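A closer look at the structure
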Amino acid sequence: MIVRTLFPARTLYTASLLSLTLPTFPLQAATPTFPADPEKPGHTVRRAMPARTGTPAQPPATGTRETIQVIASRHDLLGRAATASEGSLTTREIQLRPVYRVGQLLEAVPGLVVTSHSGEGKANQFLLRGFNLDHGTDLATFVDDMPVNGVSNAHGQGYTDLNFLIPEVLSGVDYTKGPFHADIGDFGVAGSDHMKLADEIPRQISLSAGTLGDYRAYLGGTAHFANGDRWVNAFALSHSDGPWTYPDNARSIRALSHYTHGSAANGLDLTAMFYRGQWRATNDQPLAAYSQGLIGRYGSLDPTDGGFSERYSLSGHYHLSRDTWKWTTSAFVTHDRLTLWNNFTHYLDDPVNGDQQQQDETRTTLGGSSVYARKDRVGTVGTDTQIGVQGRYDILYVDRRHTRQRVTLADCPSSLEATRPYLCNADTINLGAVGFFVQNTTHWLPWLRTVAGLREDYQGGSDSNLVDGSLTRKQQWLFQPKGSLVFGPWRKTELYLSAGRGFHSNDFRSVSGSYASDEFAKGSVTVPLMTPAVSGEVGVRTTPLRHLSLQAAAFIIDFESELSYDGDAGVTSPGPASRRKGVEFSAQYTPFNWLEINTDLSFAKARYQAKNLSSYGIDGAYVTNAPSFVWSFGVILDRGPWYGGLQVRWLGGYPLVEDNSLRSSGYQEVNMTLGYRFTKKLKLEASVFNAFNTHAYAAQYAYDYRLTPTSAIQTGATGHPIEPISARLAVTAAF
């Protein structure tokens, strides 16, 4: 079943494994109703893919009926999408996909790799379209329309921690690639993902245990009121040790309360979330430490690395609509605390105490959006127009300290500027951001539509350097045109031409120069608040056979400045201009209504473009950690009492240094889940991760380091091993 709303920032296409017969409605019909979601009995469909998907082609006359076969894992956006590479994942995909950690749910986005270089608790690593996105740069992530990316974060620009999520309350994911959508601003150049919350979930309790010391308990359900209101509550406790010589002992608590009144057409909702986690981390270790026998495969040179994270949030939406228009306003407030202890270079800077550093952050973010959307018709030409404003304001304290076994030391040998005792860096930052956008989709002919968008972003703020007492104020405006030309459908095939300008913001400390970095201290590099990028894409979307859907796209992305993580300074640093070129291919085949086979393939080439690479301290044109190849293959099934999924992921090799003299070979991994429903209220599920026990590294880097206090300085590869083959058993009971 496909349901389309007028709201531009979120449009959900629901999916079922069944063929449904539905009445259609004309372009300017009365406000559509929102029927139950066939995937979950009693679910009301509300969340949405942006109206960037465009207006459907002119439907049959009112009263006719059509049969729609819906794909299990991804919605068929033929006739609706604005670009070849955007998509919408269904609840079914989230339920059946085998994942070791919650962030890996996003690996359902074609070409996106979600991995880890520090075990559990910390934000994941993301890789997409030839980008090493670190912990979230250039991938805009939203949960219930709240931006997750942390600006000027203690551990990296755009830091995206998804550990607060409870998978059982998610109702789908809408994703985009490229800066082609006017409602996507900061961090959206490589792509974006909008994770949506369900307005109703079944009442159930679930318990699971795994072979790597992982345990989880979940309790959730929906309360119904006489007036039709719904109140979703969910609670989860978890623990994980992993295979590490020094167990992660990662423990967390998560809670959610979500109240809904009315519908997505006219109504409101309010959501509260809470998360707290603590863990020990086995970070990526020098490969030389393994080869020299200093540590075992799952060992660590500093077993006191780890972290603490806490998050509170309150968010809500108000919807108002009439026959041809809809207005939606959202607001949110979040409060986060983060502390990380990392020792990447070991004894490089301090041969006596080691190089462990503590990174602290306390952040409060307020924000929201207001979007007006309407449908119009001029003669035979139909249009959709959206006008919106989005904003956020971050108030944060962030610092870095030199520590030994998590105890703060007075000196800071890695800092170049004058320091205050016990502080390497410390800043109080206030940063505001607002974006205005308008986007219009016009259906000129049954086979031709255009999508035109304009966006203007403003960012401004201040940085109070608590080490040297300086105060820096900066502001910037950035204009971004975007658009697509769509031909078709012809024989269930559409062609897309898309182009646009986007940006990522930079860590405010790099703008003000308040942290230690050699090249910035020399004054050879200046940093703007917002770094623009331009991109183009050409692609095709087709359904050549009844049960087969194909998508392909070729893209190019030019960035004025590349972001990379500075392990010494503990922040993300801007680098030289870069270019990425690549192609992507995706296919979903559903031979039966209970079985889907899907595959995604991506190739990318990433190179620096600047001629003055030496001014950045770079001696080659290869963008480090940029994957050139990603392939995935998946199977999901749900027939009778049996259900499950299989997922194969292959991350190709990538350079670790700019001259490509040191490389990672990537990795391959196979995960699988199989479940059995004994009754409507009781099911058992078994999962196997890294089924073929691949011995590879989930993430690799290259650093300067000193392995022991007396050893020589080396430059070499580091790695974080993939967890060995493991199993997890879960039992779920409804009540």
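This write-up is about the structure you can find in this document. No experiment lies behind these values; they were computed from the predicted model shown.

Here we look at the overall build of the protein chain
Within the protein chain, the regular secondary structure consists of four helices and 42 strands. Each of the 735 residues in the protein chain was classed as buried or not, and the buried ones make up 62%. Counted over contacts in the protein chain with a minimum sequence separation of 6, partners at least 24 positions apart contribute 68%. Carbon and sulfur atoms make up 60% of the accessible area of the protein chain, which totals about 26,200 Å².

A look at the nonpolar core
Residues L106, L112, F126, V143, L165 and M195 are the most contacted members of the largest nonpolar core, which totals 45 residues. For this core, the elements supplying multiple residues, two or more each, are β7 (125-128), β9 (139-143), β11 (170-177), β12 (191-197), β15 (230-240), β17 (267-280) and β29 (548-559).

A look at the packing of aromatic side chains
Applying the stated criterion across every chain yields a total of 18 aromatic pairs. Pairing Y701 with Y703 gives two aromatic rings, centres 6.2 Å apart and planes at 5°, and the pair type is stacked. In terms of burial, Y701 and Y703 fall into one category: buried. Aromatic ring contacts, followed pair by pair, group F344, Y701 and Y703 into a single cluster. Its guanidinium or amino end placed over the ring of Y100, R728 lies 5.4 Å from that ring's centre, counting from NZ or CZ.

Observations regarding the sheet that holds strand β8 (residues 131-132)
Pairing is antiparallel across the open sheet formed by three strands, whose spatial order is β6-β7-β8. For this open sheet the edge positions go to β6 (113-115) and β8, each flanked by a neighbour on one side alone. Note that β6 and β7 share three bridges and pair antiparallel. Opposite V113, over in β7, you have L127 as the bridge partner.

What about the pattern of salt bridges?
All chains considered together, the criterion is met by 27 salt bridges. A salt bridge links D638 to R92, with the shortest nitrogen-to-oxygen separation between them at 2.6 Å. In this pair, D638 is assigned in strand β34 (residues 629-639) and R92 in helix α1 (residues 91-96), connecting sequence segments 546 residues apart. You can call D638 buried: its relative accessible area is 13%.

A word on the pairing of β9
When you tally the buried positions in β9, you get five out of five residues, the bulk of the element. Side chains of β9 alternate between two faces, with L139, T141 and V143 and A140 and F142 buried alike. Across two bridges, the pairing between β9 and strand β10 (residues 146-147) is antiparallel. Bridge pairing in β10 links F142 to P147. Turn length for the β9-β10 hairpin, with the two strands adjacent in sequence and antiparallel, is two residues, and the turn residue D144 shows positive phi of about 55°.

A closer look at the environment of G653
Within the fold, G653 resides in the loop between β35 (642-651) and β36 (654-655). Contact partners of G653, with chain neighbours within four places excluded, come to P627, S628, R663, S664, S665 and G666.

Thoughts on the sheet that holds strand β18 (residues 285-286)
Strand order in the open sheet made by the three strands is β18-β41-β40, with antiparallel pairing throughout. At either end of the open sheet lies a strand with only one pairing partner, and these are β18 and β40 (697-705). Both β18 and strand β41 (residues 714-721) contribute to a ladder of two bridges, which runs antiparallel. Bridged to Q285 within β41 is G719.

What to know about unusual backbone geometry
Here G488 and P489 are connected by a cis peptide whose omega angle stands at 10°. Its location among the elements puts P489 in the loop between β26 (471-487) and β27 (493-505). At K492, a residue that is not glycine, the phi angle is positive and equals roughly 60°. Relative to the helices and strands, K492 is located in the loop between β26 and β27. Positioned with a positive phi, N625 is a non-glycine residue whose angle comes to about 60°. Mapping N625 onto the fold places it in the loop between β33 (595-608) and β34.

Observations regarding the environment of E120
Checked against the element boundaries, E120 lands in the loop between β6 and β7. Sequence spacing of E120 and R280 is 160 residues, and the spatial spacing of their C-alpha atoms is 8.3 Å. For E120, the contacting residues outside a window of four places in its chain are Y100, R101, S240, D248, A250, W279 and E723.

Conventions used here
Residues numbered from 1 in each chain as written. Predicted model: local features only at pLDDT ≥ 70, side-chain atom pairs only at ≥ 80, totals over all residues. Heavy atoms only, no water. Helix = DSSP H or I, 4+ residues; strand = E, 2+ residues; numbered from the N terminus. Buried < 20%, exposed > 50% of the residue type's maximum accessible area, 1.4 Å probe, protein only. Contact = heavy atoms within 4.5 Å. Areas by Shrake-Rupley, 256 points an atom, 1.4 Å probe, with all protein chains shown as cover. Core = buried A, V, L, I, M, F, W, Y, C linked by side-chain atoms within 4.5 Å. Phe/Tyr/Trp six-rings, centres within 6.5 Å; stacked < 30°, edge-to-face > 60°. Lys NZ or Arg CZ within 6 Å of the ring centre and 35° of its normal. Pairing = 2+ DSSP bridges. Salt bridge = Lys/Arg side-chain N within 4 Å of Asp/Glu carboxyl O.

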